[in-house]
Amino acid sequence: MEEYSLKTKLKLGLCLALFFVFTVFFYGPISIYLSNADELKFGLGIVMKDVAIVSIVMFILIAGFSLIVPKKLFKWYMLLLLGVGIGFYVQGNYINYNYGVLDGKEINWSKYTGYGFINTAIWAVCILVPFIIYLVIRKKGDALINKVVVAICLFLVAIQIPAFISQAVSYKKKDTEALVITDNEMFTYAPDDNIVVFLLDCMDEVYYQDYLTRHPEFEAENPGFVHYDNAMAGGARTMLAMPVFYTGQTYERQNSYSDYIKEIFKGDDNLLKKMSDAGYDVRVYSESLFFPGYTSEYVSNFETVTDPVTSENILTRKLYKLSLFKFVPHFLKPRFWMMTSDFEQAMKRDNTYEFNDPQFYDKYYHQHMTIDKSKKKTFTVYHLEGNHRPFDMDENCAAIEKSARKKQMAGVFRIVKEMLDEMKEKGIYDSSTILITADHGDFKQCQWMMCMLKEAGAEGECRYSHAPISAFDYSIYLAGLAGQTMTNKYGVDMLSLAEDEKRERHLFRNTTDNSKPVVMEFVTNDDVSKYKKLKKVNEYVDDGEVVPYILGDRLGFDADDTGNPYAVEGFADNHGFRTRLRGPRATLVIPFAEKPDKKLTCDIEIHERTEQSYGMNCVIKANGVEVYRGVADDTMIEKGISFDLDKSIFKDNTLQLDFEFPDLPEEEMNLELTQRTTTISIVSIVIE
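Predicted, not measured: the structure shown is a model, and the values here were computed from it.

> I would appreciate a short explanation of the sheet that holds strand β10 (residues 433-438) in the present structure.
Pairing is mixed across the open sheet formed by seven strands, whose spatial order is β6-β9-β3-β10-β11-β4-β12. Only two strands of the sheet have a single neighbouring strand rather than two, namely β6 (281-285) and β12 (463-465). Neighbouring strand axes in the sheet, compared pairwise and without regard to direction, differ in orientation by 15° on average. Along the sheet face, helix α7 (residues 205-214) touches β4 (225-228), β11 (451-454) and β12 and points at about 125° away from the line of β4. The strands touched by helix α15 (residues 474-481) within the sheet are β3 (193-200), β9 (377-384), β10 and β11, with β10 carrying the most contacts at an inclination of about 170°.

> Looking at this structure, how should I read a nonpolar patch on the surface?
A surface patch of nonpolar side chains, amounting to about 540 Å² of accessible area, comprises L6, L10, L14, F65, L67 and I68. Put simply, the parts of the chain that give the nonpolar patch at least two residues each are α1 (6-35) and α2 (44-68). Position of F65 relative to the elements: it lies in helix α2. The class of F65 is partly exposed, set by a relative accessible area of 45%.

> Please clarify how the packing of α7 against helix α14 (residues 405-425) should be interpreted in this entry.
The axes of two packed helices give the description: the angle between them and the distance between them. One can describe the packing of α7 onto α14 by two numbers: an axis separation of 11 Å at closest approach and a directional angle of 80°. One finds that α7 runs roughly perpendicular with respect to α14. Contacts between α7 and α14 involve Y207, Y208, D210, Y211 and R214 on the former and, on the latter, R405, K406, M409, A410 and F413. For the contact of α7 with α14, the residue count by class is six nonpolar, no polar and four charged.

> I'm lost on the packing of aromatic side chains in this one. Help?
The description of an aromatic ring pair uses the distance of the two centres, along with the angle that the planes make with each other. All told, the structure shown has 42 aromatic pairs when counted by the stated rule. Geometry around W76 places K75 over its ring, the cationic atom sitting 5.5 Å from the centre. The ring of F325 has K333 lying over it, and the distance from NZ or CZ to the ring centre is 5.3 Å.

> Please explain the packing of helix α3 (residues 71-93) against helix α5 (residues 142-158) as it appears in this structure.
With their axes 11 Å apart at the nearest point, α3 and α5 run at an angle of 25° to one another. On the basis of the axis angle, α3 is roughly parallel to α5. The handedness of the crossing between α3 and α5 comes out as left-handed. Of the residues in α5, those in contact with K75, M78, L79, L82, I86 and Y89 of α3 are D142, I145, N146, V149, I152, C153 and L156.

Analysis parameters
- Residues numbered from 1 in each chain as written.
- Predicted model: local features only at pLDDT ≥ 70, side-chain atom pairs only at ≥ 80, totals over all residues.
- Heavy atoms only, no water.
- Pairing = 2+ DSSP bridges.
- Helix = DSSP H or I, 4+ residues; strand = E, 2+ residues; numbered from the N terminus.
- Axes fitted to C-alpha atoms, helices over the stretch in contact; angles between N-to-C directions.
- Contact = heavy atoms within 4.5 Å.
- Patch = residues over 30% accessible without salt bridge, like charges linked within 9 Å, V, L, I, M, F, W, Y side chains within 5 Å.
- Areas by Shrake-Rupley, 256 points an atom, 1.4 Å probe, with all protein chains shown as cover.
- Salt bridge = Lys/Arg side-chain N within 4 Å of Asp/Glu carboxyl O.
- Buried < 20%, exposed > 50% of the residue type's maximum accessible area, 1.4 Å probe, protein only.
- Parallel < 35°, antiparallel > 145°, perpendicular 65-115°, else oblique.
- Nonpolar A, V, L, I, M, F, W, Y, C, P; charged D, E, K, R; others polar.
- Phe/Tyr/Trp six-rings, centres within 6.5 Å; stacked < 30°, edge-to-face > 60°.
- Lys NZ or Arg CZ within 6 Å of the ring centre and 35° of its normal.
- Left-handed = near helix turned anticlockwise from the far one by under 90°.

Spelled out as structure tokens, the structure:
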């Protein structure tokens, strides 16, 4: 009988392939996905499919190659493949160093040279183990070593299965259906009946009046407009303002923000559905946060996608690159270093609208307007960054790293003015209804917003009106243009309001109590500019539930709000995409289910809209021990904050993180939270 017959090689090859493929090509990438599922937009199904395909191919290749290895070399090939497989198994499951979250921060590999030598030595032992076993039992014949190899392969597969099952069972099915706002037909209009809305984010009436002192020609050169200088926001900031504009429905913390958005657009009583029912081609260029997926049924540039992945090839390559980063020896890891955000490359769409004014202008400059005679009437909303921080656009609409409010404001009005001028050239200006307004103001309670309205057919010089209009009126007015009826609790027919008429107006202001979202309801019967006349009549608070933190979970300070319950001091202004820290000290108290028994790493994502004073020192203490010292600057915003938490700092199962800014006077702690100096803006925290 031959030493290694074809049948024997096939049996051994199948076992080796099973162990190697299950460990490295199947369970490896799936385990990594399951550990990071909360941060990834794609679901387990597509991962399982791609991993299964790769695993089957690799299984066939390894098993097939085993058949063609010469008989005399097969034993050594078998022992070497088993040793390498054991190395991958040990590396991936037991000896991986915690390099921190792969969020773009470069790893200082030189810090780990000592660990690298130890890691290499462990790999050498793993590779040699099968050969050592062979030397010990070789006198008993090759049949025994063959049985040992099969047993080791099957055993190592078997002990990984429970862990795989445990992770898979705990996986929460991800709702991968997502709304995508495309840039389709951004500047296409009907020959006669067009309604165009410019929503300029954060454009306070005070800012607009300041702009007019330098550019009075803006109103002089655009006939037919009425400048409403007593316009009051309905919601502030943007999270509350946008739903009010489209539905007139307020957010009173009745449920989660995403559930609120899904609920208020149901049925026919929302502006987008009303305009669509009236025969308008409805298009909205904004952020998807404010709209549920089903609005794609009546907004022509909205798409609902059930699979966010646009390139499975890129997804698979990135998934295995990340998997190999976990499984390869330390000195090979730099070749496989990547950011988890690299997965976004697999979900890019060529026609996705970007909420970015320089990009908006660039697209307009190269495309310009088109009059489509097949369209009877259009309703278009352009939500622009306007006067919102960060100021990153100049007066020529070019993106620059650091701009200023006046330059950015000049840029956004350049966009509006050039579009109005082209509407005149194309002959659609006179017949169009054009609303130029803000989602909310910026000063005090953000209550005073700019408003310019030109009705179809209106002529003559721009005139001023002091009528007490409200953002709650917009949907009623715009739906009325289409012959539709909309009502809400706080809105009226804005054109029926007389100059200086006394009217009760409401504002729902999103703020925070140490980052716990609070909606305050204000009422006034007076001029909107009179801030002190705003009377708070209600407060809707989300107390949140303090539950033990689970290592690896993402504490969000965005729409998820999962980090808010742990904020006890110095956290303010949760706006749905980040929370701001204010004053010389801000504190989080995070309870764990049990006292940590190993070193942990804390990674903090800093928002790009951080409004801190550059150069400000930041010190972070964990249970009184300094763990981080840095400077608030562009690098902090780009790379975030990362530090280790030694198990010795834990006296019990509680972690108190104090963010200290020694450049600020301690006396600020005696001020109201919103009166303290803004320091940094945080999006999320992950401890693992």
